[in-house]
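Remarks on the overall topology
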Amino acid sequence: MGNNVKTVVEKLKTGIVGFDSIANGGLPKGRTTLVAGTAGSAKTVFAAQFLVRGITEADESGVFVTFEETPDDVRKNLLAFGWDIPAFEAAGKWAFVDVSPDAEDDAVITGDYDLGGLLARIEHAINKVGAKRVSVDSLGAIFGKFQQQVIVRRELLRLAMALKKIGVTSILTAERTVEYGEIARHGIEEFVADNVIILRNALDAEKRRRTMEILKFRGTDHQKGEFPFTIVSERGIVGVPLSMVKLDQKSSMARIKTGNEELDQMCDGGFFRDSIVLVSGATGAGKTLLSTEFLAAAKDPERCLLFAFEESRDQLIRNATGWGLDFEQMEQEGRLKIVCEYPEVLGLEDHLVTMKDLIEEFAPTRIAVDSLSAMERGATNKSFREFVIGLTSYIKSKEIAGLFTSVTPSLMGGTSITEAHISTITDAIVLLRYVEMFGEISRGIAVLKMRGSAHDKQIREFNIDGDGMHIGKAFANVTGIMSGNPVYVAPGEQDRLRGMFKEAD
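This is a predicted model, so every value here is computed, not measured.

Re the overall build of the protein
If you tally the helices and strands in the protein, you get 16 helices and 24 strands. Out of the 505 residues in the protein, the part that is buried amounts to 52%. At a minimum sequence separation of 6, the contacts of the protein that also span at least 24 residues come to 69%. Per element, the accessible surface of the protein, about 23500 Å² overall, is 51% carbon and sulfur.

Here it is as structure tokens:
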């Protein structure tokens, strides 16, 4: 009989948030991984973070081989992330192997040469600190010393095999000249590594968007495609792949007040405690008012968090005061936190990480985002959808009620791109519409959807005054409101049309 025993490749957690998820557990243990990317794609950060997390999370020492920057420069640069490399060195957890160029040394090797001396230095450093992880940054500097690529390939292969024989898990970084094309600058680096990861910092819709992709893991599985990441001070690389999102959130039958008694009645008692609610309407239709009433309805010890991307804190407080609601008092009591920022200040991945951190820190029971449409500006459909799913799934996992506003493209209605991305993952949708009848403008409100609950199917008229929103009776003898083309239908004609539709069914 043949031997059918399978060899399972063990994975080593990198500790890099998001990456271990797409790597299905981490880097293949005891092997070499090439991390390739253009200038500014975070190769050095990835290599250093791999060592830092090994020290802080797994008690595994590391060796950093630097071909480009001096150890002193590396120490200074990494301090920006809160990584105290000198402290790691003093504790015997981190060692440098300095192969950085001498400013006065411009010699080029033309004859046969090997990296035997360097390998001896690396092995000595590994033994000195008992290293389990090694990062080599970067291979491109080696090519500047050799003229013959055949020698370079031979020596790189020798380096990779030596690290593998020692039993360490190693990262080798290499530069690319383009975001999409050859894996590395010289076209041979990828052939000496067991695994290949590509980091990109591509210009997308006038914004830089960072992504990571695992091109190959020899002998083991990984997730396919590009996944977004960002770089955060004090933390380094933070991946935000949708693969981290699990569709296993709990559901609550408990209800919370919407902040408007009539809307509570339309929603059969209010929103569910863990609902994601979309409020859609044209500019000035009452979206901000509805989100303000929603937050103001929170009772002690409930806490609320408002993310505003179109108005300042003072404007929002003034608006609330105009409707008889005291946001300033809620702030002073520690029950409300208002965060105002222009969407263009950060990329969507940065916004998502920042918002998650604030939610974790403040622990709110209600969240309002006004408006989600503002986040859509300048973003691609893919990145915006990833942002929406990432944020809403996180909120639901925390069993927090979230209310998001969205601006429709026209005064009378219509579906926006924002709605197309979020409507399928919301639990409730409230539509606010302008209605023009006989030369006058009225406002209408309808609960289009409320997952898991009965709700009012009528389109009701409402008005806004100094006391907030007042929802009245349903529009009588009017059709076409939701489509933006309201038409008056006489009572007798209305009955006849209903009969025609029933016969057609």
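Describing the pairing of strand 7 (residues 169–175)
Across the seven residues that make up strand 7, a large majority, six, are buried. Looking at chain direction, strand 3 (residues 32–37) and strand 7 are connected through six bridges and run parallel. Paired with T32 across the strands is S170, a residue of strand 7. Pairing of strand 6 (residues 131–137) with strand 7 involves four bridges; the strand directions are parallel. By the bridge assignment for strand 7, V136 is matched with L172.

Focus on helix 9 (residues 287–296)
Most of helix 9 is tucked away, with nine of its 10 residues classed as buried. Three or more residues of helix 9 are buried, namely K287, T288, L289, L290, S291, T292, E293, F294 and L295.

Looking at helix 14 (residues 381–397)
Taking 1.5 Å per residue, 17 residues should reach 24 Å; helix 14 reaches 24 Å between its end C-alpha atoms and fits that length. After helix 14 finishes, the residue E399 shows a positive phi value of roughly 55°.

Quick word on the pairing of strand 14 (residues 276–281)
Here strand 14 lies mainly inside the structure; six of its six residues are buried. Because side chains alternate across strand 14, one face comprises the buried residues I276, L278 and S280, and the other comprises V277, V279 and G281, equally buried.

Points about the packing of aromatic side chains
A full pass over the atoms with the stated rule returns seven aromatic pairs. Aromatic ring contacts, followed pair by pair, group F64, W94 and F96 into a single cluster. The cationic tip of R303 hangs over the ring face of F362; the distance from NZ or CZ to the ring centre is 4.1 Å.

Thoughts on the nonpolar core
If you look at the biggest cluster of nonpolar residues, it comprises 38 residues, and the most contacted ones within it are L263, F271, L295, F327 and I445. Setting aside residues up to four positions removed in sequence, L263 forms contacts with T258, F271, L290, I445, V447 and I471. Of all hydrophobic cores here, the second largest spans 34 residues; its members include A47, V74, L78 and F81.

Side note on the side chain of T288
Inspection of the secondary structure assignment puts T288 in helix 9. Among the polar contacts made by the side chain of T288, one reaches the side chain of D370 at a distance of 2.8 Å. What T288 contacts, discounting residues up to four positions off in sequence, is E311, L316, W323 and D370.

Examining the pattern of salt bridges
On inspection of all chains with the given rule, the structure shows 26 salt bridges. Its salt-bridge partner being D427, residue K396 comes within 2.9 Å of it at the nearest N-O pair. You can see K396 sitting in helix 14 and its partner D427 sitting in the loop between helix 15 (417–422) and strand 19 (428–437), a full 31 residues away along the chain. The residues K396 and D427 share a single accessibility class, namely buried. Counted as one network, the salt bridges with shared partners bring together D72, R75, K76 and E89.

Describing the sheet that holds strand 9 (residues 207–217)
If you trace the nine strands from one edge of the open sheet to the other, you get 5-4-6-7-3-8-9-10-11, paired in mixed fashion. Edge positions in the open sheet fall to strand 5 (94–98) and strand 11 (236–239), since each of these has one partner strand only. The mean angle between the axes of side-by-side strands here comes to 25°, regardless of whether they run parallel or antiparallel. Here helix 5 (residues 116–129) sits on the sheet and contacts strand 4 (61–66), strand 5 and strand 6; the angle it forms with strand 5, its principal contact strand, is near 170°.

Points about the environment of E360
Positionally, E360 belongs in helix 12 (residues 348–362). Residue classification places E360 among the partly exposed residues on the basis of a relative accessible area of 48%. Put simply, E360 and K398 are 38 residues apart on the chain and 9.2 Å apart in space, counted from C-alpha to C-alpha. The contact partners of E360, leaving out residues within four places of it in the chain, are Y394 and K398. Here K398 takes part through its side chain, which lies 3.0 Å from a polar atom of the side chain of E360.

Details of the packing of helix 12 against helix 14
The geometry of helix 12 relative to helix 14 is characterised by a closest axis approach of 10 Å and an angle of 10° between their N-to-C directions. One element, helix 12, and the other, helix 14, form an angle in the roughly parallel class. Listed contacts from helix 14 to L348, E349, H351, L352, M355, K356, I359 and E360 of helix 12 are S383, F384, F387, G390, L391, Y394 and I395. Per-class residue counts for the contact of helix 12 with helix 14 are nine nonpolar, three polar and three charged.

Re the confidence of the model for the protein
Here the protein shows a mean pLDDT of 86. Residues at 70 or above account for 83%. Segment residues 1–6 is flagged for pLDDT under 50; beyond a separation of four residues in sequence, or across chains, it makes zero contacts in the model. Across residues 107–111 the pLDDT falls below 50, and counting only partners more than four positions away or on other chains, this stretch makes 10 contacts in the model.

A look at the side chain of E302
The residue E302 is located in the loop between helix 9 and strand 15 (304–308) in this model. Side chain to side chain, E302 and T365 meet in a polar contact 3.5 Å long. Of the polar contacts made by the side chain of E302, one reaches the side chain of R366; its length is 3.3 Å. Not counting residues up to four positions away in its chain, the partners in contact with E302 are A297, R335, T365 and R366.

About the cut-offs
- Residues numbered from 1 in each chain as written.
- Predicted model: local features only at pLDDT ≥ 70, side-chain atom pairs only at ≥ 80, totals over all residues.
- Heavy atoms only, no water.
- Helix = DSSP H or I, 4+ residues; strand = E, 2+ residues; numbered from the N terminus.
- Buried < 20%, exposed > 50% of the residue type's maximum accessible area, 1.4 Å probe, protein only.
- Contact = heavy atoms within 4.5 Å.
- Areas by Shrake-Rupley, 256 points an atom, 1.4 Å probe, with all protein chains shown as cover.
- Pairing = 2+ DSSP bridges.
- Expected span 1.5 Å × (residues − 1).
- Phe/Tyr/Trp six-rings, centres within 6.5 Å; stacked < 30°, edge-to-face > 60°.
- Lys NZ or Arg CZ within 6 Å of the ring centre and 35° of its normal.
- Core = buried A, V, L, I, M, F, W, Y, C linked by side-chain atoms within 4.5 Å.
- Polar contact = N/O pair within 3.5 Å; in protein donor to acceptor, adjacent residues only side chain to side chain.
- Salt bridge = Lys/Arg side-chain N within 4 Å of Asp/Glu carboxyl O.
- Axes fitted to C-alpha atoms, helices over the stretch in contact; angles between N-to-C directions.
- Parallel < 35°, antiparallel > 145°, perpendicular 65-115°, else oblique.
- Nonpolar A, V, L, I, M, F, W, Y, C, P; charged D, E, K, R; others polar.
- pLDDT = per-residue confidence, 0-100.

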